[in-house]
Amino acid sequence: MIESFSKIFLSPFYEYDFMRHALLACVATSVTSGILGVILVLRRLSLVGDALSHGILPGIAIAYLSAGFSFSLMSVGGLIAGVLIAVLASYFSKHTKLREDATLSGFYLFSLALGVLLLSLSSGGMKVSHLLFGNVLAITTDALFLIFGISFLTITLFLVFSRMMIFSYFDEIFMALTGVKTRALNMMFLILVVLNLVASSQTLGTLMALGMMMLPAIAANLMVRHMWSLFILSGVISITCSYFGLVLSFALNMPTGPFIVLLAGVFYFIGLGFYMLRERTC
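Everything numeric here is computed off the predicted structure, so don't read it as measured data.

1. A short note on the overall build of the protein
The helix and strand inventory of the protein stands at 13 helices and zero strands. Within the protein, the proportion of its 282 residues that are buried is 49%. At a minimum sequence separation of 6, the contacts of the protein that also span at least 24 residues come to 77%. On the protein, roughly 14,200 Å² of surface is accessible, and the fraction owed to carbon and sulfur atoms is 71%.

Structural data, given as structure tokens:
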């Protein structure tokens, strides 16, 4: 029994470099996704995350069609596309009668259709599926360094601006009156979301990247009540799902992204049950 456990849950990481790279990448993105996901949930910006996660797809697709499967170029393309959508959505919501959620919905649907159309022009069907659903083989050493760089930048900026981000969740108008540049703070946050969605897309795929950011945060929000406990529990759930999702997808020879997000969905349903049980007993 011990040998079978070791063969399934430990051996892949001893034997294969790409599995170690994938695990390190998933852990790095899980920590930052847990942080950003909690803020998205608390500030009721789930639709923003959804729009940005699909907004990066045209940029990644254009980079892929231009230079092939290059992680660095696809990251740059995804970042440009995601930031462009965030800026345009903010601009048009301020200069038209549409609210920001309606503007983002329009950009989200357009970007998704454009990205899928561009990917259909590619002759490599297998690589297209890797872009959409993730590929652990794509995590090279260079990609791993870039992912760690994004994670380090995200954690550093969060530690510096965490108090402002959390306080602006409770009362953004008051923070603006105290002199905090809330627009710049919000734009920095959206850029961090885009960067981490691009990083997560390598292991989870562009269609699944948001799942790792939102589902653990929602589950944690249902289970705990203290602010910092949300960040910690969300990160723990993300790392747990990443590890077991990698192991199961490798053992069953199936896409990594859906397995990881599926496990995160299990925690979401556990959180729903836990919350309902706690409310009944209180």
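2. Considering the packing of helix H3 (residues 17-42) against helix H10 (residues 182-204)
Viewed as axis vectors pointing N to C, H3 and H10 meet at an angle of 145°, and their least axial separation amounts to 10 Å. Seen from above, H3 lies across H10 with left-handed handedness. Packed against H3, whose contacting residues are Ala-22, Ala-25, Cys-26, Thr-29, Thr-32, Ser-33, Leu-36, Ile-39 and Leu-40, the element H10 presents Phe-189, Leu-192, Val-193, Asn-196, Ala-199, Ser-200 and Thr-203 at the interface. Its residues assigned to classes, the contact of H3 with H10 comprises 10 nonpolar, six polar and no charged.

3. Thoughts on helix H4 (residues 46-67)
Taking 1.5 Å of rise per residue, 22 residues should cover 32 Å, and H4 covers 32 Å from first to last C-alpha, within 8% of that figure. Just downstream of H4 lies Gly-68, where phi reads positive at about 80°.

4. With respect to the nonpolar core
Membership of the largest hydrophobic core comes to 58 residues, with the highest contact counts inside it found for Leu-52, Ile-147, Phe-189, Val-193, Leu-197, Met-213 and Phe-231. Residue assignment for this core shows that the elements contributing at least two residues are H3, H4, helix H5 (71-95), helix H6 (100-120), helix H8 (141-170), H10, helix H11 (209-223) and helix H12 (227-252). Tallying contributions element by element places H10 first for this core, with 11 residues. One finds Phe-13, Met-19, Met-212 and Ala-264 within the second-largest nonpolar core, a separate group that totals 16 residues.

5. Overview of the packing of aromatic side chains
In total, this model carries eight aromatic pairs according to the counting rule given. Note on Phe-158 and Phe-231: the rings are 5.2 Å apart at their centroids and 55° apart in plane angle, and the pair reads as tilted. One end of the pair, Phe-158, is in helix H8; the other, Phe-231, is in helix H12, with 73 residues separating them in the sequence. Overall, Phe-158 belongs to the buried group, its relative accessible area being 6%. With centroids separated by 5.1 Å and ring planes inclined at 80°, the aromatic side chains of Tyr-243 and Phe-244 adopt a geometry described as edge-to-face. Relative accessible area serves as the criterion here: at 36%, Phe-244 is assigned to the partly exposed category. Cluster of aromatic residues (ring-pair linked, three or more members): Tyr-16, Phe-18 and Phe-250.

6. Considerations on H10
Here H10 is 23 residues long and its end C-alpha atoms lie 31 Å apart, about the 33 Å a rise of 1.5 Å per residue gives. Across the 23 residues of H10, 18 count as buried, placing the element largely inside the fold. In the segment just after H10, Gly-205 is the residue with positive phi, at about 90°.

7. Regarding the side chain of Ser-111
Structurally, the position occupied by Ser-111 is in helix H6. Residues contacting Ser-111, with those up to four places away along its chain left out, are His-54, Gly-55, Pro-58 and Ile-85.

8. Comments concerning the side chain of Ser-249
Residue position: Ser-249 is located in helix H12. Judged by its relative accessible area of 4%, Ser-249 is buried. Of note is the side chain of Ser-249, whose polar atom sits 2.9 Å from the backbone oxygen of Gly-245. For Ser-249, the contacting residues outside a window of four places in its chain are Met-254, Pro-255, Thr-256 and Phe-259.

9. Thoughts on the packing of H11 against helix H13 (residues 256-281)
Where H11 meets H13, the closest approach of the two axes is 8 Å, and the angle between their N-to-C directions is 15°. With respect to each other, H11 and H13 are oriented roughly parallel. Crossing hand, H11 versus H13: left-handed. Contacts between H11 and H13 pair Gly-211, Met-212, Leu-215, Pro-216, Ile-218, Ala-219, Leu-222 and Met-223 from the former with Ile-260, Val-261, Ala-264, Gly-265, Phe-267, Tyr-268, Ile-270, Gly-271, Leu-272, Phe-274, Tyr-275 and Arg-278 from the latter.

10. A short note on the environment of Ile-80
The topology assignment puts Ile-80 in helix H5. As for Ile-80 and Gly-59, which are separated by 21 residues in sequence, their C-alpha atoms are 6.8 Å apart.

11. Details of the environment of Leu-40
Along the polypeptide, Leu-40 turns up in helix H3. Leu-40 sits in the buried class, given a relative accessible area of 0%. The spacing of Leu-40 and Met-213 is 173 residues in sequence and 8.8 Å in space, taken between C-alpha atoms. Discounting residues that sit within four places of it in the chain, Leu-40 has contacts with Leu-45, Ser-46, Gly-49, Phe-189, Met-213 and Met-214.

What counts and how
Residues numbered from 1 in each chain as written. Predicted model: local features only at pLDDT ≥ 70, side-chain atom pairs only at ≥ 80, totals over all residues. Heavy atoms only, no water. Helix = DSSP H or I, 4+ residues; strand = E, 2+ residues; numbered from the N terminus. Buried < 20%, exposed > 50% of the residue type's maximum accessible area, 1.4 Å probe, protein only. Contact = heavy atoms within 4.5 Å. Areas by Shrake-Rupley, 256 points an atom, 1.4 Å probe, with all protein chains shown as cover. Axes fitted to C-alpha atoms, helices over the stretch in contact; angles between N-to-C directions. Left-handed = near helix turned anticlockwise from the far one by under 90°. Nonpolar A, V, L, I, M, F, W, Y, C, P; charged D, E, K, R; others polar. Expected span 1.5 Å × (residues − 1). Core = buried A, V, L, I, M, F, W, Y, C linked by side-chain atoms within 4.5 Å. Phe/Tyr/Trp six-rings, centres within 6.5 Å; stacked < 30°, edge-to-face > 60°. Polar contact = N/O pair within 3.5 Å; in protein donor to acceptor, adjacent residues only side chain to side chain. Parallel < 35°, antiparallel > 145°, perpendicular 65-115°, else oblique.

Geometric values such as these leave the question of function open.
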